[in-house]
Amino acid sequence: MNPKIGDLIYAGKAKDVYETDTPNHVIVKFRDDITAGDGIKCESLVKKGYYNSVISSKFFEILEESGIKTQYIELIKPGYMLCKKLRMIPLEVITRNIATGSIVKKFPFHHNQILNPPIIQMDYKNDVYHDPMLNDSITTALSLATQQELNNIRKITFKINNILKDFLLEKNILFPDFKIEYGFDSHGNIVLGDEISPDTCRFWDLKSWEVLDKDLFRNGESNVMDAYMKIASLILNNEDKEKWNISHILK
Ligand SMILES: Nc1ncnc2c1ncn2[C@@H]1O[C@H](COP(=O)(O)OP(=O)(O)OP(=O)(O)O)[C@@H](O)[C@H]1O
Ligand SMILES: [Mg+2]
C-alpha cells in the first residue's frame, strides 16, 4: 500500500491524525512530544515517536494474530502508522495487574499489591473534567457507551491483558498496568485504537522491577529514551529490528 497523507484532522498531545486518499483510513503520526500531569509538563525526546510507533505496531500485530480487532493496517515507516479511521469512544480503559500510581493514592491498596483478578477501570477521556473515573451508570447516562458495549469492551480488554501479559513475561517484562482506547469502525464494530507504548503502559524489568516507561519522565529522570529503546529491543524479533533499522540499539 502506498497511501497519500492528506489533511490534518486532529493534533493531540503526542500524535497527529491525518486523512488519507482512502476515506476509512487515517495516518497516525507519532510525534516526539511527551507530556505529563494533564499536559503541564511537556518536552520533546528525540526519536520517541519513532520507537513508540514501532512498539505499538508490534503489539497490534500480536493482538491481530490472536483474533483481536485493531485499527492497525501497517507501519508505513517508523512514526507513521496506517490505521482504520475510528469514531473514538471517549473512555480511557485502564487494566491493572499490580497496584501502583493513581490507584494507590485514591484507594487503600498497598503499593505493588498484586491484583488478581485484574482491575479494569474506565475514566472519562475529557481534559476539561480531568479524566474522572466512571461507573457504568454514569457512562450510560452520559451516552458514552451502552451497557452492552461496556460489557463487550471489558471482555475484549481482559483478553488483551492476557495476551500481552503472557507475551511480555516471555520477554522478562512485567506488565503492571496499561491504558487503551476503543472506537467504532465503518461497520460499527468495536475496534482497539490509539497506541500501546511506554507512554500508555507501565513496563517493569521482571527481575529488578526497574521502570521502563513514562514514569521515568514523570519522575524527572534523564534515561527515558534508553528505557523506550530497551522495550523495543526486548519485544522485537531480529527480522523486525532489521526492517526498522534499529539493530544499532542492541546492547
Ligand atoms: N484509529 C483512529 N481513528 C481516529 N482517531 C484516533 C484513532 N486512534 C486514536 N485516535 C485519536 O487520536 C488522538 C491521538 O492523539 P493523542 O494521543 O496525542 O491525543 P491525546 O493527547 O490523548 O488526547 P486529546 O485527544 O485529549 O488531545 C486521540 O484523541 C485518539 O483518541
Ligand atoms: Mg492519547
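Predicted model, so just to flag it, every value in this text is computed and none were measured.

## Details of the environment of Lys-84
Link 1 in the chain: Considering the arrangement of structural elements, one finds Lys-84 in strand β7 (residues 80–84).
Link 2 in the chain: Residue Lys-84 is classed as partly exposed on the basis of its relative accessible area of 28%.
Link 3 in the chain: Measuring from C-alpha to C-alpha, the distance between Lys-84 and Phe-217 comes to 30 Å, with 133 residues separating the pair along the chain.

## Comments concerning helix α4 (residues 147–170)
Link 1 in the chain: Taking 1.5 Å of rise per residue, 24 residues should cover 34 Å, and α4 covers 35 Å from first to last C-alpha, within 8% of that figure.
Link 2 in the chain: Every buried residue of α4 is accounted for by Leu-150, Ile-153, Ile-156, Thr-157, Ile-160, Asn-161, Ile-163, Leu-164, Phe-167 and Leu-168.
Link 3 in the chain: Phi turns positive one or two residues past the end of α4, at Asn-172, with a value near 65°.

## Examining the domain arrangement of the protein
Link 1 in the chain: Here the protein is described as being made up of domain 1 (5–87 + 224–249) and domain 2 (88–205).
Link 2 in the chain: Roughly 2700 Å² of surface becomes buried between domain 1 and domain 2 when both sides are summed, with 63% attributable to carbon and sulfur atoms.
Link 3 in the chain: If you sort the residues of domain 1 by the area they bury against domain 2, Phe-59, Leu-86 and Arg-87 come out on top, with a joint share of 23%.
Link 4 in the chain: Viewed at the interface, domain 2 and domain 1 are joined by 5 salt bridges.
Link 5 in the chain: Here Lys-13 makes a salt bridge to Asp-127, at a shortest N to O gap of 2.9 Å.
Link 6 in the chain: On the surface where domain 1 and domain 2 come into contact, there are 13 residue pairs in polar contact (both at pLDDT 80 or more).

## Here we look at the site of ligand 1
Link 1 in the chain: In the vicinity of ligand 1 there are 15 residues, among which Tyr-10, Ala-14, Lys-15, Gln-71 and Glu-181 approach most closely.
Link 2 in the chain: For ligand 1, a nitrogen atom lies 2.7 Å from a polar atom in the side chain of Gln-71.
Link 3 in the chain: Take Glu-181: an N or O atom from its side chain is 2.7 Å from an oxygen atom of ligand 1.
Link 4 in the chain: A total of 610 Å² of accessible area belongs to ligand 1 in isolation, and the protein chains cover 85% of it.
Link 5 in the chain: The residue inventory of the shell around ligand 1, partitioned by class, reads 5 nonpolar, 2 polar and 8 charged.
Link 6 in the chain: The residue makeup of the shell around ligand 1 includes at least three contributed by each of domain 1 (5–87 + 224–249) and domain 2 (88–205).

## Points about the packing of helix α1 (residues 48–65) against α4
In helix packing, the relevant descriptors are the interaxial angle and the interaxial distance, both defined with respect to the helix axes.
Link 1 in the chain: At a minimum axis distance of 10 Å, the contact between α1 and α4 shows a crossing angle of 115°. The way α1 lies across α4 gives a crossing that is right-handed. Contacts between α1 and α4 involve Lys-58, Phe-59, Ile-62 and Leu-63 from the first element and Ile-160, Ile-163, Leu-164, Phe-167 and Leu-168 from the second.
Link 2 in the chain: Grouping the constituent residues of the contact of α1 with α4 by class yields 8 nonpolar, no polar and 1 charged.

Rules used in this analysis
- Along each chain, numbering runs from 1 in the same order as the chain's sequence is written.
- By the order in which they are written, chains take letters starting at A while ligands take numbers starting at 1.
- In view of the model being predicted, local features appear only for residues whose pLDDT reaches at least 70, and side-chain atom pairs are presented and counted only at 80 or more, with totals across whole chains, interfaces and linings using the full set of residues.
- Based on all heavy atoms of the structure, the side-chain values leave hydrogens and waters out of the count.
- By definition, any uninterrupted DSSP run of H or I lasting at least four residues is a helix, any uninterrupted run of E lasting at least two residues is a strand, and each is numbered from the N terminus.
- Per-residue accessibility, obtained with a 1.4 Å probe over protein chains only, is compared with the maximum for each type, and a residue is labelled buried under 20%, exposed over 50%, and partly exposed between these values.
- The span expected for a helix works out to 1.5 Å for each residue beyond the first.
- Each domain span listed reflects an automatic or database assignment of domains.
- Summed over both partners, the accessible area (1.4 Å probe) lost when two parts come together is defined as the buried area.
- Salt-bridge detection follows one rule: a side-chain nitrogen of Lys or Arg within 4 Å of a carboxyl oxygen of Asp or Glu.
- Any pair of nitrogen or oxygen atoms within 3.5 Å is treated as a polar contact; in protein, a donor-acceptor pairing is required on top of that, and neighbouring residues in sequence qualify only through side-chain atoms on both sides.
- Residue proximity to a molecule or strand is established when one non-hydrogen atom of the residue lies within 4 Å of it.
- Residue exposure ignores everything except the shown protein chains as possible cover, and the areas themselves are Shrake-Rupley values with a 1.4 Å probe.
- In this classification, Asp, Glu, Lys and Arg are treated as charged, Ala, Val, Leu, Ile, Met, Phe, Trp, Tyr, Cys and Pro as nonpolar, and every other residue, Gly included, as polar.
- Each axis is a line fitted through C-alpha atoms, taken for helices only over the stretch in contact, and angles between the N-to-C directions span 0 to 180 degrees.
- Crossing handedness: left-handed means the near helix sits turned counterclockwise from the far one by under a right angle, and right-handed means the same turn made clockwise.
- Residue contacts follow a heavy-atom distance rule, with two residues in contact if any of their heavy atoms lie within 4.5 Å.

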